[in-house]
Amino acid sequence: MPRWIPILIAAVLVVFAALALITGWRNRENTLTHIVESHERPPRSSSAAPPGEPDAGSSLMFPGNAPTANPAVSGPTRLQARRGMVTNVLPEDAVVYVNDLAIGQVRQFNTMEEVYDFPAPGSYTIHISAPGYKDQQFIVTVAEDAKQEIARISAKLSRSAAAKPPL
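Reading the values: rules and limits
- Residues numbered from 1 in each chain as written.
- Predicted model: local features only at pLDDT ≥ 70, side-chain atom pairs only at ≥ 80, totals over all residues.
- Heavy atoms only, no water.
- Salt bridge = Lys/Arg side-chain N within 4 Å of Asp/Glu carboxyl O.
- Helix = DSSP H or I, 4+ residues; strand = E, 2+ residues; numbered from the N terminus.
- Buried < 20%, exposed > 50% of the residue type's maximum accessible area, 1.4 Å probe, protein only.

1. Some words on the pattern of salt bridges
Counted by the stated rule, this structure contains three salt bridges. Between Glu149 and Arg82 there is a salt bridge; the shortest N-O distance is 3.0 Å. Within this pair, whereas Glu149 is found in the loop between strand S7 (136-142) and strand S8 (150-156), its partner Arg82 is found in the loop between strand S1 (79-81) and strand S2 (84-90), the two being separated by 67 residues in sequence. Looking at Arg82, the relative accessible area reads 31%, which means it is partly exposed. Arg83 is the partner of Glu149 in a salt bridge, and the nearest nitrogen-oxygen pair spans 3.4 Å. On the criterion of sequence distance, the pair formed by Glu149 in the loop between S7 and S8 and Arg83 in the loop between S1 and S2 is long-range, its members being 66 residues apart. Taken together, the salt bridges that share partners define one network made up of Arg82, Arg83, Asp117 and Glu149.

Next comes the structure, spelled out in structure tokens:
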């Protein structure tokens, strides 16, 4: 073996060690896998959440952080689905609430690849809200005998009377 190969290997290892020290790389026990396995809910932030996420962390699906199903209801104005929902709502920065739990912005659920899956059969109240717009509400009943696999919620929120148009 040429003499330069062990020297090259040693140099590469020294470079990796230096990068590890510079970047602060270390073995961390409190990883996402550890949190999910221990079934602990992450601590809630007391500071204001960034735009588009009014309840910081509520879009994370940890045990005990999913909306619970209400008893199934039926009627002509209700939507039905076997599995989940997609949204087609304007404005796209409107926030979606499922049974008063913020799950994210409507743009997160606007394609068939980004379906929101309901956790269990039952009825869910879907509330769509955006600052300066009138809120809209829908009820989706999740049942095995529903005609559609995915409920499609389409809406265009109208500006509220108190809202001023942007300059």
